[in-house]
Amino acid sequence: MAALLEVKGLKAFYGQTQSLYDVGFEIETGGITTLLGANGAGKTTTLRAICNMVRCEGVIRFDGKDMTKLPTEEIVRQRIAHVPEGRGTFTTLTVDENLRIAAYTRRDKAGVARELERVFAYFPRLKERVQQQAGTLSGGEQQMLAIARALMLGPRLMLLDEPSFGLAPLIVVEIFRILRRINEEEKVSILLVEQNAALALDLADHAYVLETGHVVMSGPSSVVKNDENIRKSYLGY
Ligand SMILES: Nc1ncnc2c1ncn2[C@@H]1O[C@H](COP(=O)(O)OP(=O)(O)OP(=O)(O)O)[C@@H](O)[C@H]1O
Ligand SMILES: [Mg+2]
C-alpha cells in the first residue's frame, strides 16, 4: 500500500538543542503506526514536527505533498488532527462547545450536526454529558473528548500523544477499542505515540522505537513485539 505519511531524515531543534537526529518512518493509507520510546526519546517532538510546531529539517510528505513549509492551520486543513499530550480541551467550555469549535473549518450547519451524531455514536458517554463543563469530566472522558474533537475535523490522519496516560486499565481498553473502530469504519490512519507498548503493539500494524532522537528499531508490530530487547525494555518480560 502507498504511504500516506512519509517522514525522512527528520531533525528537530528547540533553540540550540537538537532533539531529533535522523527520524524516518511511514504510515500506510488506512494503517496504524506506533512510535514507542522512553521519556524524552522525542515522541512528542515528532508529532510537533509534523504539525510544524517546532523548528525542523528533513522530509515530511503527506499524500505525496511536502508539508514542511505549511503553517499549522494549513496542516489542520489537510485533515491532520493532533490530539496533544495533556489533551488540549477547553476546560471551561461544555462538551458540546468543545466539539463545535473543533468543526470550525466547516461552514455547513447540517454537516456539523451530522458530524456530532457520528462522533457520539463512538462516544455515547459524551452524549450523556453534552452540557457538562469539560473540566469536570473524568480523565477518561476528557481523553474521549480530545479524540472526539479530532474526529470532528473529518481527519485522514490522527496523531495521538499517549492517549492512555494517567488512565485506569479498563478505560484504556475501552479507548483503544474505539480507536480501532475509528480506524476501520472511518478509514482514519493513525500515528500513535505510547509508553504502553503492549497495547500500542496490539493496535498498530507497524512500530518504530525511538531512543534519544534516533529510530533504533522498526518493523511490523508482530515482529517488534517478539524482539528480545523490546520485550525486556518495553514489555517487561
Ligand atoms: N520546549 C522545549 N524546549 C527545550 N527542550 C525541549 C522542549 N520540549 C522538549 N524538549 C526536549 O526534547 C527531548 C524530547 O522531548 P519529547 O517531549 O519529544 O519526549 P517524549 O518522547 O515525548 O517524552 P515523554 O514520554 O516524557 O512524553 C527531551 O530531551 C526534552 O527535554
Ligand atoms: Mg511526550
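Structure: above.
Keep in mind the model is a prediction, meaning the values are calculated, not measured. (Residues numbered from 1 in each chain as written. Chains lettered and ligands numbered in written order. Predicted model: local features only at pLDDT ≥ 70, side-chain atom pairs only at ≥ 80, totals over all residues. Heavy atoms only, no water.)

**Q** Got a minute to help me understand the pairing of strand S10 (residues 214–220) in this structure?
**A** Two faces belong to every sheet, and in a regular strand the side chains alternate between them. With six bridges joining them, strand S9 (residues 206–211) and S10 adopt antiparallel strand pairing. Across the sheet, residue Leu-210 finds its bridge partner in S10, namely Val-215. Counting the residues that bridge the hairpin from S9 to S10 gives two residues, and of these Thr-212 lies at a positive phi of roughly 35°. (Pairing = 2+ DSSP bridges. Helix = DSSP H or I, 4+ residues; strand = E, 2+ residues; numbered from the N terminus.)

**Q** Could you clarify how one ought to interpret the state of the cysteines in this entry?
**A** A covalent bond bridging the sulfur atoms of two cysteines is what the word disulfide describes. What the rule picks out here adds up to zero disulfides. Cys-51 carries a free sulfur, and the closest cysteine sulfur to it, the one in Cys-56, is 10 Å from it. (Disulfide = S-S within 2.5 Å.)

**Q** How should the site of ligand 1 be read in this particular structure?
**A** Taken together, 14 residues are adjacent to ligand 1, and Ser-19, Asn-39, Lys-43, Thr-44 and Thr-45 come closest. Gly-40 is positioned such that a nitrogen or oxygen atom in its backbone is 2.8 Å from an oxygen atom of ligand 1. At 2.9 Å, a side-chain N or O of Glu-85 approaches an oxygen atom of ligand 1. For ligand 1, the accessible surface in isolation is 640 Å², of which the surrounding protein chains cover 62%. With four residues, the top contributor of residues to the shell around ligand 1 is helix H1 (residues 43–50). Its residues assigned to classes, the shell around ligand 1 shows three nonpolar, seven polar and four charged. (Near = heavy atom within 4 Å. Polar contact = N/O pair within 3.5 Å; in protein donor to acceptor, adjacent residues only side chain to side chain. Areas by Shrake-Rupley, 256 points an atom, 1.4 Å probe, with all protein chains shown as cover. Nonpolar A, V, L, I, M, F, W, Y, C, P; charged D, E, K, R; others polar.)

**Q** I would appreciate a short explanation of helix H4 (residues 109–122) in the present structure.
**A** Since the α-helix advances by 3.6 residues per turn, residues separated by three or four positions end up pointing in the same direction. End to end, H4 covers 21 Å across 14 residues, agreeing with the expected 20 Å (1.5 Å per residue, within 8%). Listing the buried residues of H4 in full gives Gly-111, Val-112, Glu-115, Leu-116, Val-119, Phe-120 and Tyr-122. Turning to H4, the residues buried within the fold contact helix H3 (95–102), helix H5 (124–128), helix H6 (139–152) and helix H7 (169–186). (Expected span 1.5 Å × (residues − 1). Buried < 20%, exposed > 50% of the residue type's maximum accessible area, 1.4 Å probe, protein only. Contact = heavy atoms within 4.5 Å.)

**Q** Would you explain the nonpolar core in this entry?
**A** One broad trend across soluble globular proteins is that nonpolar side chains are buried collectively. Residues Phe-123, Met-158 and Ile-182 are the most contacted members of the largest nonpolar core, which totals 51 residues. When residues of this core are assigned to their parent elements, the largest contribution, eight residues, is made by H6. Core analysis: the second largest hydrophobic core is formed by 27 residues, Ala-12, Ala-41, Phe-62 and Val-193 among them. (Core = buried A, V, L, I, M, F, W, Y, C linked by side-chain atoms within 4.5 Å.)

**Q** What's the story with the packing of H3 against H6 in this structure? I'm lost.
**A** When two helices pack together, their arrangement is given by the angle between the helix axes and by the axis-to-axis distance. Interaxial distance between H3 and H6 falls to 8 Å at its minimum, and their mutual angle equals 35°. The handedness of the crossing between H3 and H6 comes out as right-handed. Here Val-95, Asn-98, Leu-99, Ile-101 and Ala-102 of H3 lie close against H6, whose contacting residues are Leu-145, Ala-148, Arg-149 and Met-152. A per-class count over the contact of H3 with H6 returns seven nonpolar, one polar and one charged. (Axes fitted to C-alpha atoms, helices over the stretch in contact; angles between N-to-C directions. Left-handed = near helix turned anticlockwise from the far one by under 90°.)

**Q** Mind showing me how you'd approach the side chain of Gln-142 here?
**A** Looking at where Gln-142 falls in the secondary structure, it is placed in helix H6. With relative accessibility at 15%, the residue Gln-142 sits in the buried group. Of the polar contacts made by the side chain of Gln-142, one reaches the backbone oxygen of Leu-137; its length is 3.0 Å. Excluding residues within four positions of it along the chain, Gln-142 makes contact with Arg-87, Thr-89, Ala-134, Gly-135 and Leu-137.

**Q** I would appreciate a short explanation of the packing of H4 against H6 in the present structure.
**A** In the contact formed by H4 and H6, the axes pass within 10 Å of each other and the chain directions differ by 140°. One element, H4, and the other, H6, form an angle in the oblique class. Seen from above, H4 lies across H6 with right-handed handedness. Residue-level inspection shows Val-112, Glu-115, Leu-116, Arg-118, Val-119 and Tyr-122 of H4 in contact with H6, the latter providing Ala-148, Leu-151 and Met-152. Its residues assigned to classes, the contact of H4 with H6 comprises seven nonpolar, no polar and two charged. (Parallel < 35°, antiparallel > 145°, perpendicular 65-115°, else oblique.)

**Q** Mind showing me how you'd approach the coordination of the magnesium ion (ligand 2) here?
**A** Reference values for angles at a metal are 109.5 degrees in the four-donor tetrahedral case and 90 or 180 degrees in the six-donor octahedral case. Donor atoms from the polypeptide that bind the magnesium ion (ligand 2) are Thr-44 (OG1) and Glu-85 (OE), placed at 1.9 to 2.5 Å. Within this pair, whereas Thr-44 is found in helix H1, its partner Glu-85 is found in the loop between strand S6 (80–83) and H3, the two being separated by 41 residues in sequence. (Donors = N, O, S within 2.8 Å, 3.2 Å for Na, K, Ca; no water.)

**Q** Would you mind showing me how to read the environment of Tyr-14 here?
**A** Among the structural elements, Tyr-14 can be located in strand S1 (residues 3–14). Using a relative accessible area of 33% as the deciding quantity, one classes Tyr-14 as partly exposed. Expressed as a C-alpha distance, the spacing of Tyr-14 and Arg-55, which sit 41 residues apart in the sequence, is 6.9 Å. When residues no more than four places from it in sequence are discounted, the contact partners of Tyr-14 are Ser-19, Thr-45, Arg-48 and Val-54. One polar contact links Tyr-14 to Thr-45, side chain to side chain, over a distance of 2.9 Å.

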